[in-house]
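The chain contents come next:
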Amino acid sequence: MQRLRVSKVMFFWMAAAGLTCWGQDRGTILGRVTDPSSAVIAGATITVTSPETGGKTTSSTNEAGNYVVRGLAFGRYEVTCEAKGFRKYVGKDYKVDVAQTLTLDIALQVGEVEQTVEVSGVAPRWKAAPRISAP
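Peer 1: Lay out the sheet that holds strand β2 (residues 45-49) with the relevant residues and their values.
Peer 2: Read from one edge to the other, the open sheet built from 4 strands follows the order β3-β2-β5-β6, with strand pairing classed as antiparallel. Only two strands of the sheet have a single partner each, and these edge strands are β3 (56-60) and β6 (89-96). In this sheet, adjacent strand axes meet at a mean angle of 20° when their direction is disregarded. As paired strands, strand β5 (residues 75-82) and β6 are joined by 6 bridges and run antiparallel to one another.

Structure representation (structure tokens):
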């Protein structure tokens, strides 16, 4: 009886130790998104893409402008950030190592309003609409 109890305890501790070691080969990218006046931007969309695998992970900023993207395999990544009224940010070749936390603060630039053409099944017409342009 005592032997069975010891075996269960040993199994529990081995399983717990294995779970704590799992995932340590993954990295994290985190940071804060601000505007040109250093005010935080809530609700910005962050997309982290691996050019090698094509895998994408998305996150968004909280009310303090902070974001976290966890569980990234080691390698190189492209980071994009988009928010309404701001130009799209594209950063390439960020290296994430094993168990590394990379801090990437992003300052978005105010977007420009451009005139666009809207095409539909009815007679074509010109319409001025705000548009976020890529840098």
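Peer 1: Now, about the environment of G27: what can you tell me, with residues and values included?
Peer 2: Among the structural elements, G27 can be located in strand β1 (residues 26-34). The exposure class assigned to G27 is buried, which follows from its relative accessible area of 0%. Here the alpha-carbon distance between G27 and V96, two residues 69 residues apart in the chain, equals 6.1 Å.

Peer 1: Let's hear about the environment of V96: which residues, and what values?
Peer 2: Of note, V96 is situated in strand β6. The spacing of V96 and T28 is 68 residues in sequence and 7.5 Å in space, taken between C-alpha atoms. In contact with V96, not counting residues within four places along its chain, are G27, T28, I29, F74, G75, Y77 and L102.

Peer 1: Summarise the pairing of β1; cite the residues concerned and give the values.
Peer 2: When β1 meets strand β4 (residues 66-73), the two strands line up antiparallel, connected through 6 bridges. Within β4, the residue paired with R32 across the bridge is N66. In the sheet, β1 pairs with strand β7 (residues 101-103) via 3 bridges, with the strands oriented parallel. The partner of L30 across the bridge, within β7, is T103. The pairing of β1 with strand β8 (residues 106-107) spans 2 bridges and is parallel. By the bridge assignment for β8, T34 is matched with A107.

Peer 1: How would you sum up unusual backbone geometry? Please name residues and give values.
Peer 2: We note that S38 has phi near 70°; this positive angle belongs to a residue other than glycine. Position of S38 relative to the elements: it lies in the loop between β1 and β2. With a relative accessible area of 57%, S38 lands in the exposed category. Phi at D93 is positive, roughly 65°, even though this residue is not glycine.

Rules used throughout
- Residues numbered from 1 in each chain as written.
- Predicted model: local features only at pLDDT ≥ 70, side-chain atom pairs only at ≥ 80, totals over all residues.
- Heavy atoms only, no water.
- Pairing = 2+ DSSP bridges.
- Helix = DSSP H or I, 4+ residues; strand = E, 2+ residues; numbered from the N terminus.
- Axes fitted to C-alpha atoms, helices over the stretch in contact; angles between N-to-C directions.
- Buried < 20%, exposed > 50% of the residue type's maximum accessible area, 1.4 Å probe, protein only.
- Contact = heavy atoms within 4.5 Å.

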